[in-house]
Amino acid sequence: MSWFMAAIYDPFMRKTEEACLRAWRGELIGELRGAVLEVGAGTGANLPLYSHAVERLVLAEPDRAMMSRLQERLGGVGRRAELCEAPMHRLPFEDGSFDAVVCTLVLCSVEDPQACLGEVRRVLRPGGKLAFIEHVCDEHRFGRRLLQRGLEPIWKPLAGGCHLTRRTETAIRDAGFELTEVRRESLRKALPMLRASVRGVARKPA
Ligand SMILES: C[S@@+](CC[C@H](N)C(=O)[O-])C[C@H]1O[C@@H](n2cnc3c(N)ncnc32)[C@H](O)[C@@H]1O
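Residues numbered from 1 in each chain as written. Predicted model: local features only at pLDDT ≥ 70, side-chain atom pairs only at ≥ 80, totals over all residues. Heavy atoms only, no water.

Asker: How should I be thinking about the sheet that holds strand 5 (residues 124-135) in this particular structure?
Answerer: Pairing between sheet strands relies on hydrogen bonds along the backbone, with the strands arranged either parallel or antiparallel. Strand order in the open sheet formed by seven strands is 3-2-1-4-5-7-6, and the pairing between neighbours is mixed. Looking at the sheet topology across the chains shown, the edges are occupied by strand 3 (82-84) and strand 6 (178-186). Adjacent strand axes in the sheet meet at a mean angle of 15 degrees when their direction is disregarded. Sheet analysis places strand 6 next to strand 7 (residues 196-203), joined by eight bridges and oriented antiparallel. When the sheet's bridge partners are listed, Ser-186 is paired in strand 7 with Ala-196. Sheet contacts for helix 2 (residues 64-77): strand 2 (54-60) and strand 3; angle to strand 3, the most-contacted strand, approximately 175 degrees. Its contacts with the sheet put helix 3 (residues 113-123) on strand 1 (34-39), strand 4 (98-104) and strand 5, and the angle it makes with strand 5 is roughly 145 degrees. (Pairing = 2+ DSSP bridges. Helix = DSSP H or I, 4+ residues; strand = E, 2+ residues; numbered from the N terminus. Axes fitted to C-alpha atoms, helices over the stretch in contact; angles between N-to-C directions. Contact = heavy atoms within 4.5 Å.)

This is how it looks when you write it as structure tokens:
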């Protein structure tokens, strides 16, 4: 299943990447600098977007099939990065090691978002940034929310544990971050139950 997911991920996302996601990734990631950790880096969709102001880049990805695609893409973009297999809830780094953490389309899949966000907060320096893009529960459209609730039990086992009804913005606030920039827009060309999204920057209080 993991091999299959890794193989179909980029083709499955292509239309959404072209319609909006690539631009959203670029806006968030292009301005990062210093030491950056990306969690759940997947096939490396964000890789070409890091600027040279990122002096240390660490890519964490626990799934072997995804990691193998990540390594391939890393070779292709010709940039230096450290790779590690750590899951988001157990990051093998000292407190305050990073200026920024990138988390795109990952919090839908983790088992315990609060434990994961707690780890992110720990490894960020005070004032450090969490840059995120996540698909979420559609708070504004009752019909869509019903669809998400109905499909979640079927979708989750098929899509690597992906939840359709996560309230990620609230989870980020509850983990003690200050949300400084938030955009809520439709992930165009995605499947209807994946369209509600939130993205932005959250800061660890200084
Ligand atoms: C939907 S993909 C997103 C990949 C990439 N971040 C992107 O933006 O295209 C979800 C990724 O999260 C990873 N993942 C799942 N559970 C995780 C966990 N507990 N800790 C870290 N990564 C996890 C999966 O292996 C997968 O690569």
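Asker: Sorry if this is basic, but what is going on with the pairing of strand 4 here?
Answerer: Looking down a regular strand, the side chains alternate between one sheet face and the other. Within strand 4, six of the seven residues are buried, which leaves the element mostly enclosed by the surrounding structure. Alignment of strand 1 against strand 4, held across four bridges, turns out to be parallel. Bridge pairing in strand 4 places Leu-37 opposite Val-101. The pairing of strand 4 with strand 5 spans six bridges and is parallel. Across the sheet, residue Val-102 finds its bridge partner in strand 5, namely Ala-131. (Buried < 20%, exposed > 50% of the residue type's maximum accessible area, 1.4 Å probe, protein only.)

Asker: Could you clarify how one ought to interpret the side chain of Thr-168 in this entry?
Answerer: Tracing the chain through its elements places Thr-168 in helix 5 (residues 168-174). Accessibility expressed as a relative area gives 3% for Thr-168, which makes it buried.

Asker: What is the right way to look at the layout of surface pockets in this model?
Answerer: Sizing a probe to match a water molecule and rolling it over the atoms shows the empty space that remains. Roughly 1200 Å³ of volume is contained in the largest pocket. Surrounding the largest pocket, 50 residues form its lining, Met-5, Leu-105, Ser-109, Ala-159 and Gly-160 being those nearest its centre. Contributions of two or more residues to the lining of the largest pocket are made by helix 1 (2-29), strand 1 and helix 4 (142-158). It is helix 1 that contributes the most residues to the lining of the largest pocket, 10 residues altogether. (1 Å grid on protein atoms, 1.4 Å probe; cavity = no way out; pocket = protein on both sides within 12 Å on 5 of 7 lines; lining within 4 Å. Points joined across faces, edges and corners; volume = space filled by probe spheres on them.)

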